[in-house]
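Spelled out from the first residue to the last, the chains are:
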Amino acid sequence: MKYIYREAPVSLPSLSALRAFEAAARLGSFKAAAEALHLSPTAVSHHIRGLEAQLGVSLFVRRTRAIAATEAGLQLSQAATRAFSELETAVATLRDRET
């Protein structure tokens, strides 16, 4: 695996915020993300608002009963989904080695 060396480390958002965002983007609603993550919709909303504040961009267009990812949201969603998938694969591989 190739690692990229950076001069100055990038301050990453919290894993909880990224997980809430990824689930909301994938499932298309804060409520569905909350159910999948065993959180309240308010907690998901707070995670996403904090993430948007930290990044300085809107990740979703909020409608009455729906959300739609912005261009920035789509970009981050694709990266987050890939990253979580890689982490899940790595963890599964490590667990398989132990048995």
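What comes next is a walk through the structure. Just so you know, these numbers come straight off a predicted model, no measurement behind them. (Residues numbered from 1 in each chain as written. Predicted model: local features only at pLDDT ≥ 70, side-chain atom pairs only at ≥ 80, totals over all residues. Heavy atoms only, no water.)

## Section: helix H3 (residues 41–55)
Item 1. Taking 1.5 Å per residue as the helical rise, H3 with its 15 residues ought to reach 21 Å, and the 21 Å between its terminal C-alpha atoms agrees with that figure.
Item 2. Along H3, the positions that sit buried rather than exposed are Val 44, Ser 45, Ile 48, Leu 51 and Glu 52. When H3 is viewed along its axis, its buried side chains cluster within an angular range of 125° and face the same direction. Exposed residues on H3 whose side chains face more than 90 degrees from its buried face are His 46 and Ala 53.
Item 3. Contacts from the buried residues of H3 go to helix H1 (15–27), helix H2 (30–37), strand S1 (60–62) and helix H4 (71–98).
Item 4. Positive backbone phi, at 75°, marks Gly 56, one or two positions downstream of H3. (Helix = DSSP H or I, 4+ residues; strand = E, 2+ residues; numbered from the N terminus. Expected span 1.5 Å × (residues − 1). Buried < 20%, exposed > 50% of the residue type's maximum accessible area, 1.4 Å probe, protein only. Arc of directions from axis to C-beta. Contact = heavy atoms within 4.5 Å.)

## Some thoughts on the packing of aromatic side chains
Item 1. Tallied over the entire structure, the rule returns two aromatic pairs.
Item 2. With centroids separated by 5.5 Å and ring planes inclined at 50°, the aromatic side chains of Phe 21 and Phe 60 adopt a geometry described as tilted. A residue pair is termed long-range when its members are at least 10 positions apart, and Phe 21 in helix H1 and Phe 60 in strand S1 qualify at 39 residues. Residue Phe 21 shares its accessibility class with Phe 60, and that shared class is buried.
Item 3. Judged by centre distance (5.6 Å) and plane angle (75°), the rings of Phe 30 and Phe 60 are edge-to-face. Within this pair, whereas Phe 30 is found in helix H2, its partner Phe 60 is found in strand S1, the two being separated by 30 residues in sequence.
Item 4. The exposure class of Phe 60 is buried, given its relative accessible area of 4%.
Item 5. Of the aromatic side chains, those joined through ring pairs into one cluster are Phe 21, Phe 30 and Phe 60.
Item 6. Residue placement shows Arg 19 over the ring face of Phe 84; its charged tip is 4.1 Å from the ring centre. (Phe/Tyr/Trp six-rings, centres within 6.5 Å; stacked < 30°, edge-to-face > 60°. Lys NZ or Arg CZ within 6 Å of the ring centre and 35° of its normal.)

## Quick word on the nonpolar core
Item 1. Judged by nonpolar contacts, the single largest core of 17 residues is most densely connected at Phe 21, Ala 24, Phe 30, Val 44, Ile 48, Leu 51 and Phe 60.
Item 2. Breaking this core down by element, the ones donating at least two residues are H1, H2, H3 and H4.
Item 3. When residues in this core are grouped by element, the largest group, six residues, is from H1.
Item 4. Among residues more than four places away in sequence, those in contact with Phe 21 are Ile 48, Leu 51, Leu 59, Phe 60, Gly 73, Leu 76 and Ser 77. (Core = buried A, V, L, I, M, F, W, Y, C linked by side-chain atoms within 4.5 Å.)

## Side note on the packing of H1 against H4
Item 1. Where H1 meets H4, the closest approach of the two axes is 9 Å, and the angle between their N-to-C directions is 110°. Relative to H4, H1 is oriented roughly perpendicular. The interaxial crossing formed by H1 with H4 has left-handed handedness. Across the interface between the two elements, Leu 15, Leu 18, Arg 19, Phe 21, Glu 22 and Ala 25 of H1 pack against Gly 73, Leu 76, Ser 77, Ala 80, Thr 81, Phe 84 and Glu 88 of H4.
Item 2. In the contact of H1 with H4, the residues fall into seven nonpolar, three polar and three charged. (Axes fitted to C-alpha atoms, helices over the stretch in contact; angles between N-to-C directions. Parallel < 35°, antiparallel > 145°, perpendicular 65-115°, else oblique. Left-handed = near helix turned anticlockwise from the far one by under 90°. Nonpolar A, V, L, I, M, F, W, Y, C, P; charged D, E, K, R; others polar.)

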